[in-house]
Amino acid sequence: TGDGSFSAKASAASRALYERRSPQNLFGKHINVRSGKWVESLSGVGSNSDSFYEYLLKSYVLFQDHDSYRMFEEAYSAIDSTTRQGDWFADVDMHGGKPRRQHFENLQAFWPGLQVLSGDLELASRSLNAFWTIWSDWGALPEEYDFARRRL
């Protein structure tokens, strides 16, 4: 649009979420926009959070927004060290990292592409291959798959 106010508002929203991250650099999935308090403390790369990580990295790639890249790097590192279980990604509690759900969600399917974009090719390959096993076993990506028990 050429109107920089949209970019400014989106950047401010990203920074506001970032400032409310946990001490473990994790983000919840729902926040009360009036109070700024997290109302869902699950943290992961699937539903209700997938776009946040994607837009941080893409803001850097498209607009050379170094602040977005710094936020992405910290969030990516926390996701990798806290939610990754082998080649899968669990939902954990944002305040302590305790695993809460060991489910693959189809909205996690973007993650290997984001890993490639960030240059993390080895982990991207491992994630993609894990996700591919679901597709090859079931012929599609279901809404959810319990990777700990290997069942829908």
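For the structure given in this document, a descriptive report is provided here. From a predicted model like this one, the values you see are computed outputs, not experimental measurements. (Residues numbered from 1 in each chain as written. Predicted model: local features only at pLDDT ≥ 70, side-chain atom pairs only at ≥ 80, totals over all residues. Heavy atoms only, no water.)

## A look at the sheet that holds strand β7 (residues 99-101)
The strand order across the open sheet built from three strands is β3-β6-β7, with neighbouring strands paired in antiparallel fashion. At either end of the open sheet lies a strand with only one pairing partner, and these are β3 (42-43) and β7. Inspection of the sheet shows β3 paired to strand β6 (residues 91-93) by two bridges, in the antiparallel sense. Counterpart to Ser43 in the pairing with β6 is Val92. (Pairing = 2+ DSSP bridges. Helix = DSSP H or I, 4+ residues; strand = E, 2+ residues; numbered from the N terminus.)

## Quick word on unusual backbone geometry
For Asn25, which is not a glycine, the phi torsion comes out positive at approximately 65°. Of note in the backbone geometry, Asn48 takes a positive phi value of approximately 65° without being a glycine. Along the chain, the position of Asn48 falls in the loop between β3 and α2 (50-63).

## Focus: a nonpolar patch on the surface
Residues Val61, Leu62, Phe63 and Leu117 make up a contiguous nonpolar surface patch of roughly 410 Å² in combined accessible area. Looking at the nonpolar patch element by element, the count peaks at three residues for α2. Mapped onto the elements, Val61 comes out in helix α2. (Patch = residues over 30% accessible without salt bridge, like charges linked within 9 Å, V, L, I, M, F, W, Y side chains within 5 Å. Areas by Shrake-Rupley, 256 points an atom, 1.4 Å probe, with all protein chains shown as cover. Salt bridge = Lys/Arg side-chain N within 4 Å of Asp/Glu carboxyl O.)

## What about the layout of surface pockets?
One number sums up the size of the largest pocket: a volume of about 510 Å³. Taken together, 26 residues line the largest pocket, and the ones lying closest to its centre are Ala10, Ser14, Tyr55, Leu56 and Ser59. Counting residues per element, the ones that place at least two in the lining of the largest pocket are α1 (4-19), β1 (30-31), α2 and α3 (66-82). (1 Å grid on protein atoms, 1.4 Å probe; cavity = no way out; pocket = protein on both sides within 12 Å on 5 of 7 lines; lining within 4 Å. Points joined across faces, edges and corners; volume = space filled by probe spheres on them.)

## Comments concerning the pattern of salt bridges
Side-chain pairs of opposite charge can arise where the charged atoms are in close proximity. Overall, the coordinates contain eleven salt bridges when judged by the stated rule. For Asp91, the salt bridge goes to Lys29, with nearest N and O atoms at 3.3 Å. Of the two residues, Asp91 sits in strand β6 while Lys29 sits in the loop between α1 and β1, which places them 62 residues apart along the sequence. Asp91 gets classed as buried once you look at its relative accessible area, which sits at 2%. According to the relative accessible area criterion, Lys29 is buried, its value standing at 8%. (Buried < 20%, exposed > 50% of the residue type's maximum accessible area, 1.4 Å probe, protein only.)

## Here we look at the packing of aromatic side chains
Under the defined criterion, the tally for this structure stands at 15 aromatic pairs. Ring plane angle 20° and centroid distance 5.6 Å describe the contact between Tyr76 and Trp111, whose orientation is recorded as stacked. Taken together, the residues Tyr76 in helix α3 and Trp111 in helix α4 (residues 111-117) connect sequence positions 35 residues apart. Note on Tyr76: relative accessible area 12%, which makes it buried. For Trp111, a relative accessible area of 1% puts it in the buried group. Taken together, a centroid distance of 5.3 Å and an interplanar angle of 5° make the contact between Trp88 and Phe147 stacked. (Phe/Tyr/Trp six-rings, centres within 6.5 Å; stacked < 30°, edge-to-face > 60°.)

## Observations concerning α1
Taking 1.5 Å per residue as the helical rise, α1 with its 16 residues ought to reach 22 Å, and the 22 Å between its terminal C-alpha atoms agrees with that figure. Every buried residue belonging to α1 is among Ser11, Ser14 and Tyr18, and all of these are buried. Angularly, the buried residues of α1 cover 60° about the axis, an arc narrow enough to put them on a single face. When the buried face of α1 is taken as reference, the exposed residues oriented beyond 90 degrees from it are Phe6, Lys9 and Glu19. Packed against the buried residues of α1 are α2 and α3. (Expected span 1.5 Å × (residues − 1). Arc of directions from axis to C-beta. Contact = heavy atoms within 4.5 Å.)

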